Amino acid sequence: MKAQAFLVLSVPGNSVLAVETAFPSTGPQSLNFATVMQWSIGLFVVLAAIFICAWLLRKLSGFSSLAGGTLRVLGGISLGGREKVVLLQVEGKQLLLGVAPGSIQMLCVFEKSDSIPVDSNGPESGRPISFADRLANAVEDKHNDKT
């Protein structure tokens, strides 16, 4: 075996041929149009599935506010990874709750006269008033009333 390898490597013309047959060159494959289109379509399908799932999740998360009854979730703000502030409406009163893992705190109770308007969208500005803006205005008004 050693003699054959020595013989193959000693002859210059045969050494390249021996190396080529022992280790075939796989070199860089050329990208043709069909391969690029297949990758592009696959990427498009995956991105479309992600966007559809996000849209469905957003639509289904608002489902609880559509259920009729005396309790409605009017809005909420995330304060961190696991904490949030939620505004509920219960029989004419609005409750501002702080929600954290393992606890729910009552932050404020708004009576009918103090309630935060949630149906006004501010047509003069052309954009809806966000829950954060309404909450800030209500807290500011409540603070001004006490002073």
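About the cut-offs
- Residues numbered from 1 in each chain as written.
- Predicted model: local features only at pLDDT ≥ 70, side-chain atom pairs only at ≥ 80, totals over all residues.
- Heavy atoms only, no water.
- Helix = DSSP H or I, 4+ residues; strand = E, 2+ residues; numbered from the N terminus.
- Buried < 20%, exposed > 50% of the residue type's maximum accessible area, 1.4 Å probe, protein only.
- Contact = heavy atoms within 4.5 Å.
- Areas by Shrake-Rupley, 256 points an atom, 1.4 Å probe, with all protein chains shown as cover.
- Pairing = 2+ DSSP bridges.
- Axes fitted to C-alpha atoms, helices over the stretch in contact; angles between N-to-C directions.
- Core = buried A, V, L, I, M, F, W, Y, C linked by side-chain atoms within 4.5 Å.
- pLDDT = per-residue confidence, 0-100.
- Expected span 1.5 Å × (residues − 1).

Before going further, it helps to spend a moment on the overall build of the chain. Scanning the chain from N- to C-terminus turns up 5 helices and 4 strands. The order of helices and strands in the chain, counted from the N terminus, is α-α-α-α-β-β-β-β-α. Looking at the chain as a whole, 15% of its 147 residues are labelled buried. Partitioning the contacts of the chain with sequence separation of at least 6, the portion at a separation of at least 24 is 16%. Working note: accessible area of the chain is about 11,800 Å², and carbon and sulfur atoms make up 65% of it.

Read from one edge of the open sheet, 4 strands run β1-β2-β3-β4, paired in antiparallel fashion. Sheet topology places β1 (71-78) and β4 (103-110) at the edges, where each strand pairs with a single neighbour. When the angles between neighbouring strand axes are averaged without regard to direction, this sheet yields 25 degrees. In this structure, strand β3 (residues 93-100) lies alongside β4, joined through 7 bridges in antiparallel fashion. Its bridge partner lying in β4, Gly98 is registered against Gln105.

Turning to the nonpolar core, a few remarks are in order. Listed in full, the 10 residues of the largest apolar core are Leu74, Val85, Leu87, Leu96, Cys108, Phe110, Ile116, Phe131, Leu135 and Ala138. When residues of this core are traced back to their parent elements, those giving at least two are β2 (84-90), β4 and α5 (131-146). With 3 residues, α5 is the largest single contributor of residues to this core. Ignoring any residue separated from it by four or fewer positions in sequence, one finds Leu96 in contact with Val85, Val86, Leu87, Gln105, Met106, Leu107, Cys108, Phe110 and Leu135.

Now for the pairing of β2. In terms of strand pairing, β1 meets β2 through 7 bridges, oriented antiparallel. Bridge assignment links Leu71 to a residue of β2, and that residue is Val90. Counting the residues in the hairpin turn of β1 and β2 gives 5 residues. In this antiparallel pair of consecutive strands, β2 and β3, the connection spans 2 residues, and Glu91 shows a positive phi of 45 degrees.

So, on to the confidence of the model for the chain. Mean pLDDT over the chain stands at 75; residues scoring 70 or higher make up 64%. Across residues 120-126, where pLDDT falls below 50, the model places 7 contacts with residues more than four positions away in sequence or in other chains.

For helix α3 (residues 33-61), built from 29 residues, the straight-helix expectation of 42 Å at 1.5 Å per residue is met to within 8% by its first-to-last C-alpha distance of 42 Å. Among the 29 residues in α3, 0 count as buried, and that is only a small part of the element.

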